[in-house]
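A structural walkthrough
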Amino acid sequence: MNDSVEGIFPAVCPLDCPDTCGLLVHKKNGKIVKVEGNPEHPVTRGAICNKVRHMAERMHHPERLMHPLRRVGRKGEGKFETISWEEAIGEITSKYKELTAEYGSESILPYSFYGNMGVLSVEGMDRRFFNALGASLLDQTICNSAGTAGWKATMGFNGGTSPEDTVNADVVIVWGGNIVSTNMHQVVLAEQARKRGAQVIVIDVHRNRTAQWADWFLPLYPGTDAALALGMMHILFRDGLTDTDFLEKYTVGYNELCQQASSYTPELVSSITGIPAGDIEKLAKLYGEAHTSYIHIGNGLQHHDNGGMNVRSITCLPALTGQWLKTGGGASKSNGGYAAMNSRALERPDLRPNPRARRINMNRIGEALEMTEQPIKSLFVYCSNPLVVAPDAERVRAGFEREDLYTVVHDLFMTDTARYADIILPATSTFENTDLYSSYWHHYIQLQEPVLSAPGQCKSNVEVFSLLGQAMGFDAEAFSQTEKDMIREALNYPRNPYLNGVSLDRLLQERYVKLDMTPKQTFLDNLPTSSGKIELYSKSLELAGLPPLPTYTPLVEGYDGIRRPEPADAYPLMFISPPNHNFLNSTFSNVEKHQGLEKEPVLQIHPDDAAARGIADGDEVTVFNGRGRVEIRAKVVDKMLPGTVISQGLWWEGKDRPQRSNVLTPDRLSDMGSGATFFSSTVEVKRR
């Protein structure tokens with residue numbers, strides 16, 4: 001801990017964002033007075049977003065939890081009494097021993113995600129504790145699992161084009177990602193490419209900030225991305241714009257893919273996607289004729305029933321034109337695989353008495369809490385706010401209301417979820433912790449050391465789970481390690497050559513260390529697919545009962561340009577709830593500064609759809625389906641195709657009206673990776 005009352009100290013942004021910015025934290029009288037970007041960071045170079053610029057208001061928020069609390073009112077009522085840490089740890093461990101004896105250890109379920117991206121905060125002592133306890137396992141598939149599965153089915157590994165190289169691209173396609181709001185430094189690099197003559201194209205369902213910045217925006221119907229990719233392939237094969245030498249040397253299945261794409265004519269694809277056939281022709285030719293083309297695959301298009309295939313289909317495109325051999329060419333969805341660490345040393349699965357414990361998909365937490373056979377009797381929630389972020393949120397709320405569900409929440413604030421807890425534990429913030437950070441975009445590992453003392457009685461995840469493990473009598477060595485001990489073990493992983501040269505000693509000296517990217521130079525010769533090549537035809541998908549070639553499958557719940565709503569359809573509008581500019585999922589939505597920047601949740605509705613319902617700009621409307629309803633204000637705009645409505649941001653529940661968008665979203669699982677299908681949702685809208 002740096003005990004200096006004043007000064008400027010290095011730090012790392014902890015948010016679930018690709019950029020993982022290097023920061024400088026200014027302290028005065030022991031408090032943060034300013035957060036700015038570190039200009040010496042090789043990638044982020046001093047630029048940061050408003051979310052982080054105002055981080056001090058979150059750290060020093062008057063509503064931060066300072067003491068352990070025990071519920072004394074009804075669940076959800078928000079009535080608690082202050083207790084000591086000794087009482088909290090004693091009660092939790094006593095309850096866990098009781099539940100294990102009566103219902104088995106798998107009656108206890110951890111629920112967490114990446115509210116803090118620190119490796120130790122979400123993949124360290126917490127995992128050790130629940131492994132040693134023998135708790136049920138949580139499938140953390142709410143964010144990127146569908147797209148990761150689609151990408152890996154083609155490329156075999158979780159990595160793509162290096163960010164710094166993308167300045168060399170002649171064509172930059174941002175497909176399904178609002179990177180102005182969610183990956184600002186990729187915007188900086190794309191802007192550099194544009195100044196060198198590159199054209200920036202955005203494909204999305206919504207003319208968001210990124211689409212407004214682009215040279216050309218192509219709006220399409222939600223979930224039709226695979227059809228567009230196949231339409232581009234049709235033209236590339238038809239017009240001889242493919243790189244035959246590359247396809248023969250580095251891929252399998254290109255002849256089969258050529259046959260598959262032959263039926264996806266521009267006219268058919270236009271009728272599916274809503275994009276004019278002439279624009280599909282133009283897009284494919286711009287892509288195919290460019291010397292170097294780069295595709296940035298965003299997060300949104302994978303949150304569909306067909307999300308895995310959407311990403312897989314797009315991932316095939318760079319191989320057709322040989323882009324992987326060109327500096328700055330190719331594609332990326334995530335570069336997180338390059339920084340893979342020694343997870344066994346961190347998580348200690350060897351401590352688990354039941355290696356075949358059941359798995360619960362976090363997208364289905366509402367359903368899981370309804371189980372009567374082998375019921376879940378306790379939840380431990382940390383680094384997440386499931387009553388806001390989980391799909392089918394009313395079903396989730398009903399589960400959390402169970403009086404027989406013993407719930408512990410470790411958080412900084414009284415979130416919507418914390419209000420349903422039996423015990424609340426006050427959490428430290430990132431600037432009060434020691435932790436290790438990698439990026440799922442750039443190639444730098446960074447170290448965070450505390451620059452603030454923990455306020456009140458707040459404790460880090462490492463501290464909390466160490467205390468719990470010791471109180472349960474678990475392995476003494478595993479639950480007494482320091483953060484630096486754990487970091488050393490995490491980085492000691494010879495199986496990952498990209499970690500070569502990355503050590504705690506270097507991080508203590510340099511603060512950030514670049515991965516050894518030498519192995520990437522020959523990655524095409526060592527792809528971890530079953531064939532060792534880029535798999536345009538995937539036998540692994542075929543064995544799993546999925547289409548082995550890219551294909552377009554309509555949404556389970558939704559419409560496209562061919563299948564339009566019928567008069568009998570109760571919910572004729574596609575509902576999309578992408579991130580807004582000033583929140584990070586539900587983080588910051590309780591901070592007054594950020595609320596003021598976003599003002600209020602609104603529903604963007606096309607003029608045609610508004611007119612058909614007698615809705616004017618500014619009207620209060622109810623958005624509803626069979627799962628729930630929200631009450632928000634209408635904003636009549638033509639930023640999307642008719643039939644699609646947009647509500648940006650995950651807002652906490654309003655004091656006087658329901659406004660959590662995830663009450664409308666389904667808990668179905670995607671075609672690959674058992675991912676979330678947030679954006680495959682239909683609704684109706686009526687004026688209030």
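Residues numbered from 1 in each chain as written. Predicted model: local features only at pLDDT ≥ 70, side-chain atom pairs only at ≥ 80, totals over all residues. Heavy atoms only, no water.

So, on to the overall build of the protein chain. The helix and strand inventory of the protein chain stands at 25 helices and 27 strands. Here the C-alpha radius of gyration of the protein chain, 25 Å, is about what a compact globule of 688 residues would show, namely 26 Å. Taken over the C-alpha atoms alone, the protein chain extends approximately 70 × 60 × 50 Å along its principal axes. Relative to its full complement of 688 residues, the protein chain shows a buried share of 62%. The long-range fraction of contacts in the protein chain, counting pairs at least 24 apart against all pairs at least 6 apart in sequence, stands at 75%. Split by element, the accessible area of the protein chain, about 25000 Å² in all, is 48% carbon and sulfur. Counting 70 positive and 83 negative side-chain charges, the protein chain places the centres of these two groups 2 Å from one another. (Helix = DSSP H or I, 4+ residues; strand = E, 2+ residues; numbered from the N terminus. Rg over C-alpha atoms; globule rule 2.2 N^0.38 Å. Buried < 20%, exposed > 50% of the residue type's maximum accessible area, 1.4 Å probe, protein only. Contact = heavy atoms within 4.5 Å. Areas by Shrake-Rupley, 256 points an atom, 1.4 Å probe, with all protein chains shown as cover. Lys, Arg positive; Asp, Glu negative; His and termini not counted. Charge placed at Lys NZ, Arg CZ, Asp CG, Glu CD.)

Here we come to the pairing of strand β22 (residues 573–576). Successive residues of a regular strand alternate their side chains across the two faces of the sheet. Every second residue of β22 is oriented toward a common face, with Leu-573 and Phe-575 on one face and Met-574 and Ile-576 on the other, all of them buried. In the sheet, β22 pairs with strand β27 (residues 682–687) via two bridges, with the strands oriented antiparallel. Looking across to β27, one finds that Leu-573 is bridged to Val-683. For β22 and strand β26 (residues 644–646), the ladder comprises three bridges, and the chain directions are parallel. (Pairing = 2+ DSSP bridges.)

A few words on the packing of aromatic side chains. Evaluated as defined, the whole model comprises 20 aromatic pairs. Ring geometry for Tyr-571 against Phe-624: centres 6.3 Å apart, planes inclined by 85°, an arrangement best described as edge-to-face. Placement of Tyr-571 in the loop between α23 (539–543) and β22 and of Phe-624 in strand β24 (residues 620–624) is noted, with a sequence separation of 53 residues between them. We classify Tyr-571 as partly exposed; its relative accessible area is 27%. We classify Phe-624 as partly exposed; its relative accessible area is 24%. Lying across the ring of Trp-85, Lys-459 places its NZ or CZ 5.3 Å from the centre. Against the face of Phe-624 rests Lys-686, its NZ or CZ located 5.6 Å from the ring centre. (Phe/Tyr/Trp six-rings, centres within 6.5 Å; stacked < 30°, edge-to-face > 60°. Lys NZ or Arg CZ within 6 Å of the ring centre and 35° of its normal.)

Next up on the list: helix α6 (residues 145–155). Because an α-helix completes one turn every 3.6 residues, residues spaced three or four positions apart along the sequence face the same direction. Counting buried positions over the eleven residues of α6 gives nine, a clear majority of the element. Buried within α6 we find Ser-145, Ala-146, Gly-147, Thr-148, Gly-150, Trp-151, Ala-153, Thr-154 and Met-155. Looking at the packing, one finds that the buried side of α6 touches β12 (293–297), α15 (307–320), β13 (330–332), β21 (534–535) and α23.

Mapped onto the secondary structure, Tyr-103 falls in helix α3 (residues 85–103). Along the sequence, Tyr-103 and Pro-375 sit 272 residues apart, while their C-alpha atoms lie 8.3 Å from each other. Here Glu-102 takes part through its side chain, which lies 3.3 Å from a polar atom of the side chain of Tyr-103. (Polar contact = N/O pair within 3.5 Å; in protein donor to acceptor, adjacent residues only side chain to side chain.)

Summed over all chains, the structure comprises 46 salt bridges. In this structure, the salt-bridge partner of Glu-281 is Arg-238, at a minimum N-O distance of 2.7 Å. Remark: Arg-238 occurs in helix α10 (residues 225–238) and Glu-281 occurs in helix α14 (residues 277–289); sequence separation between them is 43 residues. For Arg-238, a relative accessible area of 41% gives the class partly exposed. (Salt bridge = Lys/Arg side-chain N within 4 Å of Asp/Glu carboxyl O.)

This part is about the side chain of Arg-358. Note on placement: Arg-358 falls in the loop between α16 (343–347) and β14 (359–361). The side chain of Arg-358 sits in the buried core without any salt bridge; Glu-106 is the nearest counter-charge, 4.3 Å away. In terms of polar contacts, Arg-358 uses its side chain to reach the side chain of Ser-136, at 2.8 Å. For Arg-358, the residues in contact, after removing those within four places along its chain, are Glu-106, Ser-107, Ser-136, Leu-137, Met-371, Gln-374, Pro-375 and Ile-376.

Look at α10 against helix α12 (residues 254–261): their axes get within 8 Å of each other, and the N-to-C directions meet at 110°. Overall, the two elements α10 and α12 adopt an arrangement that is roughly perpendicular. Where α10 approaches α12, its residues Leu-230, Met-233, His-234 and Phe-237 are matched on the opposing element by Tyr-254, Leu-257, Cys-258, Gln-260 and Ala-261. Of the residues in the contact of α10 with α12, the class split is seven nonpolar, two polar and no charged. (Axes fitted to C-alpha atoms, helices over the stretch in contact; angles between N-to-C directions. Parallel < 35°, antiparallel > 145°, perpendicular 65-115°, else oblique. Nonpolar A, V, L, I, M, F, W, Y, C, P; charged D, E, K, R; others polar.)

Turning to α12, a few remarks are in order. Taken residue by residue, α12 has Tyr-254, Leu-257 and Ala-261 as its buried positions. Along the axis of α12, the buried positions cluster into a sector of 55°, meaning they face one direction only. Facing away from the buried surface of α12 by more than 90 degrees, the exposed residues are Asn-255 and Gln-259. Taken together, the buried residues of α12 touch α10, α11 (244–250), β11 (251–252) and α15. (Arc of directions from axis to C-beta.)

Further remarks concern the sheet that holds strand β6 (residues 108–112). The strands making up a sheet associate through backbone hydrogen bonding, with each pair oriented either parallel or antiparallel. The six strands are arranged β5-β4-β17-β16-β15-β6 in an open sheet whose pairing can be described as mixed. With partners counted over all chains shown, the strands left at the sheet margins are β5 (80–82) and β6, one partner each. Between one strand axis and the next, the sheet turns through 20° on average, direction left out of account. Bridge count for strand β4 (residues 69–71) against β5 is three bridges, and the pairing is antiparallel.

Along the chain, the position of Asp-305 falls in the loop between β12 and α15. In this structure Asp-305 comes out as buried when scored by relative accessible area, which is 8%. A distance of 3.3 Å separates the side chain of Asp-305 from the backbone nitrogen of Glu-557, its partner in a polar contact. When neighbours within four sequence positions are excluded, Asp-305 is seen to be in contact with Leu-555, Val-556, Glu-557, Arg-668, Ser-670, Asp-671, Thr-677 and Ser-680.

Our focus in this paragraph is the sheet that holds strand β9 (residues 199–204). Pairing is parallel across the open sheet formed by five strands, whose spatial order is β10-β9-β8-β12-β13. Strand pairing shows two members of the sheet lacking a second neighbour, β10 (216–219) and β13, which therefore form its edges. This sheet shows a mean twist of 15° between the axes of neighbouring strands, independent of strand direction. Sheet topology places strand β8 (residues 171–175) next to β9; five bridges connect them, and they run parallel. Following the sheet pairing, Val-172 is matched in β9 by Val-200. In the packing of α15 onto the sheet, contacts are made with β8, β12 and β13, and the angle to β12 comes to roughly 165°.

Most of strand β15 (residues 378–382) is tucked away: five of the five residues are buried. Two strands pair when backbone bridges link them, and β6 and β15 are joined in this way by five bridges, in the parallel orientation. Note on β15: the bridge partner recorded for Tyr-111 is Val-381. The pairing of β15 with strand β16 (residues 406–411) spans five bridges and is classified as parallel. Across the sheet, the residue bridging to Val-381 is Val-409, located in β16.

The values reported here are purely geometric and, on their own, carry no functional implication.
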